[in-house]
Amino acid sequence: MSLILPLVVFITVTGAYSEYVVPPTRLRPAPYPEWAHYHWVWLSNDRASQASMTQYAQQYLDHGIKVGAVDIDSGWSTGFNNFIFDAEKYPNATTMVDFFHSKDIKIILWATSMIDTDSTNYDEANSKGYLIRDVLGKEAVFSWWHGKGGLLDYTNPDAVDWWHHQMDKALVYGIDGWKCDGTDPYILELILPLGKRGIVTRKQYSDAYYGDFFNYTRKQRGNETLIMSRPADGFGPIFLDFSPHYVMYSGWVGDDDPTFDGLESALKSYLQSAWASLLMSTISWFLTS
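Figured I'd write up the structure that's included with this text. None of the values given here were measured: they were computed from a predicted structure. (Residues numbered from 1 in each chain as written. Predicted model: local features only at pLDDT ≥ 70, side-chain atom pairs only at ≥ 80, totals over all residues. Heavy atoms only, no water.)

Before going further, it helps to examine the side chain of aspartate 73. Mapped onto the fold, aspartate 73 is located in the loop between β2 (67–72) and α3 (93–102). Separated by 3.4 Å, the side chain of aspartate 73 and the backbone nitrogen of asparagine 45 make a polar contact. (Helix = DSSP H or I, 4+ residues; strand = E, 2+ residues; numbered from the N terminus. Polar contact = N/O pair within 3.5 Å; in protein donor to acceptor, adjacent residues only side chain to side chain.)

Below, the structure is given as structure tokens:
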């Protein structure tokens, strides 16, 4: 009461019943869709299927929890990054997407720019020179957590155009974005990674990878789409900034355990991301002022 009374007296004395302390203003629309703020649900790739994902999302809704999106994890396609739905796990992708959209739930698919050597589109990409090469100009095959594969060469316009046609195989179903996983640092394994236009740095590759998924998906599906990707991450004493700032509307700081230790790890990554953003902004200011 002691806090409320002076305020009431102030308003009464000044006659400010219809006035504002701060004049109202029209806020600029957010550069990302509202669904980014709601809960996103996910099942690991060994449990995810059309049946399990629809059932899982429905359980949240039945408990009155608003769901913004479902994240379909790796293993949804017949080969890693060939963008063809596995009909055994997802027998009717159109029905699945329509179900989620009818519940006002968006759907994002796991993806990277690493094409596995046993994937249906690898031989074409390799034979046409669409993949990053080593210092000798030879095929560069990387061992990663889903097998062995090659990285798309984003400096090659023909490769990017071909890649977009690969992405279209999934975009045609009306999906709303991607979880772009962190395979871009694998390019550091090469002494001098070569693209069609010469040497490609790790940062150049990361910016092209995340930026292309973000930009092309918005071109095809509009500005209601998003990608989920790492803003930054730490590996012991090593710190890497992953995604360019302009795509960072839905940051994901890696696979942390659902424990207090996992929460602490995630919070540290959030702070690292904030410091990285401040550092890059400061450097940009010095370079342009």
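This structure, assessed with the given rule, holds seven salt bridges. For the salt bridge of lysine 203 with aspartate 207, the shortest nitrogen-to-oxygen distance reads 3.2 Å. A residue pair is termed a helical-turn pair when its members lie 3 or 4 positions apart in one helix, as lysine 203 and aspartate 207 do in helix α6 (residues 202–221) at four residues. Here aspartate 207 falls in the partly exposed class, since its relative accessible area comes to 29%. With a closest N to O distance of 3.5 Å, glutamate 264 and lysine 268 form a salt bridge. One end of the pair, glutamate 264, and the other, lysine 268, are both in helix α7 (residues 260–288), four residues apart, so they sit about a helical turn from each other. Glutamate 264 gets classed as partly exposed once you look at its relative accessible area, which sits at 41%. (Salt bridge = Lys/Arg side-chain N within 4 Å of Asp/Glu carboxyl O. Buried < 20%, exposed > 50% of the residue type's maximum accessible area, 1.4 Å probe, protein only.)

A few words now on the nonpolar core. Counting residues in each nonpolar core, the largest one holds 59 residues, and the members touching the most others are Val70, Trp76, Phe83, Trp163, Trp178, Tyr205 and Phe213. At seven residues, helix α5 (residues 157–171) tops the list of elements feeding residues into this core. Counting seven residues, the second largest nonpolar core, distinct from the first, contains Trp35, Trp40, Ile108 and Met228. (Core = buried A, V, L, I, M, F, W, Y, C linked by side-chain atoms within 4.5 Å.)

Running from N to C, α5 and α6 point in directions that differ by 60°, and their axes come no closer than 11 Å. On the basis of their axis angle, the class for α5 and α6 is oblique. As α5 packs across α6, the resulting crossing turns out to be right-handed. Between α5, through Val160, Trp163, His164, Met167, Asp168 and Leu171, and α6, the contact on the second element is made entirely by Asp212, Phe213, Tyr216, Thr217, Gln220 and Arg221. (Axes fitted to C-alpha atoms, helices over the stretch in contact; angles between N-to-C directions. Parallel < 35°, antiparallel > 145°, perpendicular 65-115°, else oblique. Left-handed = near helix turned anticlockwise from the far one by under 90°. Contact = heavy atoms within 4.5 Å.)

Turning to α3, a few remarks are in order. Those residues of α3 not exposed but buried are Ala93, Met96, Val97 and Phe100. The buried residues of α3 occupy an angular sector of 95° when projected down its axis, which confines them to one face. Looking one or two residues beyond α3, the residue adopting positive phi is aspartate 104, at roughly 60°. (Arc of directions from axis to C-beta.)

On to the layout of surface pockets. In this structure, the largest pocket spans a volume of roughly 920 Å³. Trp40, Trp42, Met228, Trp252 and Gly254 are the residues nearest the centre of the largest pocket, which is lined by 28 residues in total. Among the secondary structure elements, those contributing two or more residues to the lining of the largest pocket are β1 (39–43), α2 (50–62) and α7. Looking at the lining of the largest pocket residue by residue, the class counts come to 16 nonpolar, seven polar and five charged. (1 Å grid on protein atoms, 1.4 Å probe; cavity = no way out; pocket = protein on both sides within 12 Å on 5 of 7 lines; lining within 4 Å. Points joined across faces, edges and corners; volume = space filled by probe spheres on them. Nonpolar A, V, L, I, M, F, W, Y, C, P; charged D, E, K, R; others polar.)

Now for a nonpolar patch on the surface. Together, Val135, Leu136, Ile191, Leu192 and Ile199 make up an exposed nonpolar region whose accessible area comes to about 530 Å². On the secondary structure map, isoleucine 191 appears in the loop between β7 (177–180) and β8 (194–195). (Patch = residues over 30% accessible without salt bridge, like charges linked within 9 Å, V, L, I, M, F, W, Y side chains within 5 Å. Areas by Shrake-Rupley, 256 points an atom, 1.4 Å probe, with all protein chains shown as cover.)

In this section: the sheet that holds β2. If you trace the five strands from one edge of the open sheet to the other, you get β1-β2-β3-β7-β10, paired in parallel fashion. Single-partner strands in this sheet number two, and they are β1 and β10 (226–228). Here the average twist between neighbouring strands, direction ignored, is 25°. The pairing of β2 with strand β3 (residues 106–111) spans four bridges and is parallel. Looking across to β3, one finds that aspartate 71 is bridged to isoleucine 108. Those strands touched by α2 are β1 and β2, and its axis lies near 145° from that of β1. (Pairing = 2+ DSSP bridges.)

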